[in-house]
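Letter by letter, the chains look like this.
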Amino acid sequence: MSVAETPHKTSNDRAEPVQLHVAIVMDGNGRWAKRRGLPRTFGHTKGVEAIRRTVESAPDFGIRWLTLYAFSTENWRRPAGEVSEVMRLMKSYVDSDLEQLAQSGVKVKILGRRIGLTPDIAEIVARAEARTAQNDRFWLQVAFNYGAQADIVDAARGLMVAAVRGELAPEQLSETEFAARLSTGGAPPPDLVIRTSGEQRLSNFLLWESAYSEFVFQDVLWPDYGAKHLKAAVDEFHTRERRFGGSETGDILAAG
Ligand code: IPE
Ligand code: IPE
Ligand code: MG
């Protein structure tokens with residue numbers, strides 16, 4: 001895996017390594033299976049292969065942080081059989097891939113609530129993070145039992161506790177301070193948010209963090225996703241002009 005070695009020409013023609021944070025709403029597993037007359041769970045199994053292809057190819061496109069939305073706080077509403085299959089796949093993915101990820105310098109982080117996970121899933125989450133805690137070349141963040149609203153509420157609750165204990169005065173709270181308490185706290189905000197399957201909504205993903213992200217919606221169903229789709233999304237990202245509220249890129253640079 002070659003992380004962050006892709007040279008990118010900047011406006012002043014200096015070749016700089018690009019370090020992108022790309023976040024993906026991996027959607028369309030159910031429809032992929034349905035189109036083939038298969039049970040939805042088969043789509044989830046195929047989805048794991050797409051995860052492998054995506055993680056493997058991401059560094060080739062200058063991605064250093066990859067955040068994948070795998071299971072939302074709302075996905076518990078699905079039939080029990082489907083939920084338990086997603087849980088089983090999460091466990092088998094970590095069991096089979098963790099060692100190789102760890103040895104390739106990947107830091108694995110699981111975003112989302114630990115409360116509500118069964119003990120076996122909580123154990124593999126803890127194991128994946130502990131085994132890769134020292135790595136920093138490439139971050140794989142998996143949003144699992146994740147909802148952005150729940151994450152924001154949890155951050156706010158932590159701040160309230162700190163305030164009640166007298167450890168934090170209300171006027172000390174800033175956007176930076178708040179963001180650090182989200183489960184994405186250690187990573188920069190996503191540069192690019194991708195959603196597959198043609199749906200164009202966030203579905204409670206990274207609501208705070210995506211304030212200035214670029215969005216790319218791709219029609220491909222997640223089980224069919226691979227390097228060429230990721231490359232197309234990143235290429236599209238590089239055509240966008242990001243302004244962050246300024247009037248044009250030159251002004252932002254001038255303002256330092
Ligand atoms: C995304 O695919 C995977 C999960 C939410 C676990 P879906 O299962 O949502 O697939 P569709 O949207 O029904 O096709
Ligand atoms: C979002 O997809 C959650 C994940 C991809 C894990 P959903 O398929 O659950 O979203 P909605 O229900 O179509 O908005
Ligand atoms: Mg869906």
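Anyway, here's the lowdown on the structure attached to this text. (Residues numbered from 1 in each chain as written. Chains lettered and ligands numbered in written order. Predicted model: local features only at pLDDT ≥ 70, side-chain atom pairs only at ≥ 80, totals over all residues. Heavy atoms only, no water.)

Our focus in this paragraph is helix 2 (residues 40-57). Here helix 2 spans 26 Å end to end across 18 residues, near enough to the 26 Å set by a 1.5 Å rise per residue. Where helix 2 is buried, its residues meet strand 3 (20-25), helix 1 (29-35), strand 4 (63-72), helix 3 (80-103), strand 6 (138-146) and helix 7 (227-239). (Helix = DSSP H or I, 4+ residues; strand = E, 2+ residues; numbered from the N terminus. Expected span 1.5 Å × (residues − 1). Contact = heavy atoms within 4.5 Å.)

Before going further, it helps to examine unusual backbone geometry. Apart from glycine, the bulk of residues carry a negative phi angle, and the bulk of peptide bonds sit in the trans form. The phi torsion at Ser-203 lies on the positive side, around 50°, for a residue other than glycine. Considering the arrangement of structural elements, one finds Ser-203 in the loop between strand 7 (192-195) and strand 8 (214-217). With phi around 45°, Leu-206 is a residue other than glycine that occupies positive phi space. With respect to the helices and strands, Leu-206 occurs in the loop between strand 7 and strand 8.

Attention now goes to the side chain of Asp-27. Here Asp-27 lies in the loop between strand 3 and helix 1. A distance of 2.8 Å separates polar atoms of two side chains, one belonging to Asp-27 and the other to Arg-195. (Polar contact = N/O pair within 3.5 Å; in protein donor to acceptor, adjacent residues only side chain to side chain.)

Here the structure, examined in full by the defined rule, presents 9 aromatic pairs. Between the aromatic rings of Phe-71 and Phe-144, the centroid separation amounts to 5.6 Å while the plane-to-plane angle is 35°, which identifies the pairing as tilted. A residue pair is termed long-range when its members are at least 10 positions apart, and Phe-71 in strand 4 and Phe-144 in strand 6 qualify at 73 residues. Overall, the relative accessible area of 2% leaves Phe-71 in the buried class. Through successive ring pairs, a cluster of aromatic residues spans Tyr-69, Tyr-146 and Phe-205. A cation over an aromatic ring shows up here: Lys-107 above the ring of Trp-139, its NZ or CZ 5.3 Å from the ring centre. (Phe/Tyr/Trp six-rings, centres within 6.5 Å; stacked < 30°, edge-to-face > 60°. Buried < 20%, exposed > 50% of the residue type's maximum accessible area, 1.4 Å probe, protein only. Lys NZ or Arg CZ within 6 Å of the ring centre and 35° of its normal.)

On their own, these measurements won't tell you what the molecule is for.
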